[in-house]
Amino acid sequence: MALHSSAVCFNGVAISRRNFMSCRRQTVKVSTFTCPPLSSVARLNVKVSGNDAPETKDNSLVVCFGEMLIDFVPTISGLSLAESPAFKKAPGGAPANVAVGISRLGGSSAFIGKVGEDEFGYMLADILKENNVYSKGMRFDPGARTALAFVTLRNDGEREFMFYRNPSADMLLEESELDYDLIRKAKIFHYGSISLITEPCKSAHIAAAKAAKDAGVVLSYDPNLRLPLWPSADSAREGIMSIWEIADIIKISEEEISFLTKGEDPYDDAVVRKLYHPNLKLLLVTEGPDGCRYYTKDFSGRVKGLKVDAVDTTGAGDAFVAGILSQLAVDLSLLREEDRLRDALKFANACGALTVMERGAIPALPTREVVLDALLKSVA
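Procedures and definitions
Residue positions within a chain follow its written sequence, with the count starting from 1. Per-residue local features are limited, in this predicted model, to residues with pLDDT of at least 70; the limit for side-chain atom pairs, both in listing and counting, is 80 or more; totals at the level of whole chains, interfaces and linings are taken over all residues. Hydrogens and waters are ignored; side-chain quantities use all the structure's heavy atoms. Partly exposed residues are those whose accessible area sits between 20% and 50% of the maximum for their type, while under 20% is buried and over 50% is exposed, using a 1.4 Å probe and protein chains only. For helices the rule is a DSSP run of H or I covering at least 4 residues; for strands it is a run of E covering at least 2, with both sets numbered from the N terminus onward. Two strands qualify as a pair provided that DSSP identifies no fewer than 2 bridges between them. With strands facing away from the observer, any crossover in which the path from the first strand over the helix to the second runs clockwise is taken as right-handed. The angle between two axes is taken between their N-to-C directions and runs from 0 to 180 degrees, where each axis is a line fitted to C-alpha atoms and a helix contributes only its stretch in contact. Here a polar contact means two N or O atoms within 3.5 Å. Within protein one must be a hydrogen donor candidate and the other an acceptor candidate, and residues neighboring in sequence count only if both atoms are side-chain atoms. In what follows, residue pairs with any heavy atoms lying within 4.5 Å of each other are defined as contacts. Relative orientations are named as follows: roughly parallel for angles under 35 degrees, roughly antiparallel for angles over 145 degrees, roughly perpendicular for angles from 65 to 115 degrees, and oblique for any other angle. Crossing handedness is read from the near helix: turned anticlockwise from the far helix by less than a right angle, it gives a left-handed crossing, and turned clockwise, a right-handed one. Classification convention: Asp, Glu, Lys, Arg as charged; Ala, Val, Leu, Ile, Met, Phe, Trp, Tyr, Cys, Pro as nonpolar; all other residues, Gly among them, as polar. Expected span, for any helix, means 1.5 Å times one less than how many residues it has. By construction, the arc corresponds to the directions joining the helix axis to the C-beta atoms.

(A) Region of interest: the pairing of strand S11 (residues 218–221). Of the two faces of S11, both are covered, the one formed by Val218 and Ser220 as well as the one formed by Leu219 and Tyr221. The sheet contact formed by strand S10 (residues 188–191) and S11 spans four bridges and is parallel. When the bridges of S11 are listed, Ile188 appears paired with Val218. The parallel pair S10 and S11, bridged by helix H5 (residues 201–214), forms a crossover whose chirality is right-handed. Of the pairings in the sheet, the one linking S11 to strand S12 (residues 249–253) comprises two bridges and is parallel in character.

(B) Geometry of the sheet that holds S12. Strand order in this open sheet of nine strands is S7-S6-S3-S10-S11-S12-S13-S14-S15, and the pairing throughout is mixed. Single-partner strands in this sheet number two, and they are strand S7 (134–141) and strand S15 (300–303). Each neighbouring strand pair of the sheet contributes to a mean axis angle of 15 degrees, computed without reference to strand direction. Where strand S14 (residues 292–295) meets S15, four bridges bridge the pair, whose relative direction is antiparallel.

(C) Structural context of the side chain of Asp170. Along the chain, the position of Asp170 falls in the loop between strand S9 (159–164) and helix H4 (180–185). Asp170 gets classed as buried once you look at its relative accessible area, which sits at 7%. A distance of 2.5 Å separates polar atoms of two side chains, one belonging to Asp170 and the other to Ser168. Not counting chain neighbours up to four residues away, the residues in contact with Asp170 comprise Glu67, Lys114, Ala147, Arg165 and Cys201.

(D) Spatial organisation of the packing of helix H9 (residues 316–328) against helix H10 (residues 338–355). The interhelical angle for the contact between H9 and H10, taken along N-to-C directions, is 150 degrees, at an axis separation of 7 Å. Considering their axes alone, H9 and H10 lie roughly antiparallel with respect to each other. Two packed elements cross with a definite hand, and for H9 against H10 that hand is right-handed. Contacts between H9 and H10 involve Ala316, Ala319, Phe320, Gly323, Ile324 and Gln327 from the first element and Leu341, Ala344, Leu345, Phe347, Ala348, Asn349, Cys351, Gly352 and Thr355 from the second. The class makeup of the residues in the contact of H9 with H10 is 10 nonpolar, five polar and no charged.

(E) Helix H3 (residues 119–130), seen in detail. Its 12 residues give H3 an end-to-end C-alpha distance of 16 Å, which sits within 8% of 16 Å, the value for a rise of 1.5 Å per residue. The complete set of buried residues in H3 reads Gly121, Leu124, Ala125, Ile127 and Leu128. Around the axis of H3, the buried residues are gathered within 155 degrees of arc, so they sit on the same side. In H3, the exposed residues that point more than 90 degrees away from the buried face are Glu119 and Glu130. Looking at the buried residues of H3, the elements they touch are strand S4 (69–74), strand S5 (87–92), helix H2 (94–104), strand S6 (108–116) and S7. Positioned one or two residues after H3, Asn132 has a phi angle of 60 degrees, which is positive.

(F) Spatial organisation of the environment of Pro266. Within the element layout of this structure, Pro266 appears in the loop between helix H7 (254–260) and helix H8 (269–273). Taking the C-alpha atoms as reference, Pro266 lies 8.6 Å from Ser253; in sequence the two are 13 residues apart. Discounting residues that sit within four places of it in the chain, Pro266 has contacts with Glu254, Ile257, Ser258, Val272 and Arg293.

Structure representation (structure tokens):
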């Protein structure tokens with residue numbers, strides 16, 4: 001295995017310049033909350049478990065495509081990797097985090113990806129099943145290991161990553177291994193950009209997204225920029241933008257805006273609008289603890305976040321994505337109704353905030369009841 005260089009990350013995004021991201025602060029302000037029309041549990045007409053296949057296309061299924069790995073999180077914050085006395089293993093990988101997050105919130109989800117035919121790979125498959133994520137789209141590679149990432153936690157909950165993947169099993173998923181029936185049954189197909197870095201997974205990713213698009217599935221894209229995994233900054237920018245215009249929903253961070261626009265101001269709406277392609281239905285910009293911004297063809301605005309003390313920011317962006325997709329999968333009309341969309345985003349912000357209060361990504365993802373309780377307490 002080869003060792004990749006480290007980078008500071010937030011919400012799964014590599015951070016290389018200290019002037020980026022108000023997300024480094026540990027707390028956020030509280031916004032007034034009106035309980036969102038989250039009848040996810042009551043209105044779902046299909047519930048997918050780890051072993052039961054989705055029944056029809058007419059459901060609220062979100063299929064997540066990409067990597068699943070093991071994060072090794074230090075038991076003590078504020079120490080370097082070499083100084084950390086012990087690590088806690090925690091399942092992770094952005095698309096898998098989203099799949100589990102949606103299921104925890106009462107939604108239906110499935111995961112497509114590849115892990116090693118090893119103890120960690122089997123552990124990850126079991127975790128998906130335990131969390132009622134349909135996992136028959138997962139493949140096992142006998143010749144490659146499950147990806148690993150060692151994480152350093154700073155005192156403020158921010159992270160540095162050290163990846164072991166050269167190649168790891170997630171990079172080796174082939175087009176012939178895709179479950180096309182599952183992809184076509186989805187209401188939303190969600191993915192990142194890490195699966196575009198190398199072949200054969202790149203071709204599998206493109207084929208999966210095309211199959212979903214052709215079947216009328218809504219495409220959701222979180223680039224999840226991690227520069228150390230790409231050959232160069234230019235190749236990362238090119239790879240991320242190569243599939244930009246097929247997405248219906250895109251979630252990006254402040255840093256990703258600056259990266260993709262080559263240093264332009266991520267707080268300038270005119271800059272953000274440059275990234276809004278003609279067929280896009282919703283562009284979301286996460287601002288760490290400060291909440292998020294939203295842009296559609298007809299309206300835009302900002303939704304404040306929830307005040308919490310950060311322990312570990314791993315998975316916060318994925319929890320946010322799970323929060324919004326779990327609602328859109330039930331009712332896509334939210335995209336056209338600003339007041340209801342704002343309530344849905346308050347819920348998604350709370351999902352992200354609650355996740356940073358515990359170590360690890362998947363272990364920290366909240367249930368719908370926990371999120372609603374936190375929102376009600378915030379306005380009590």
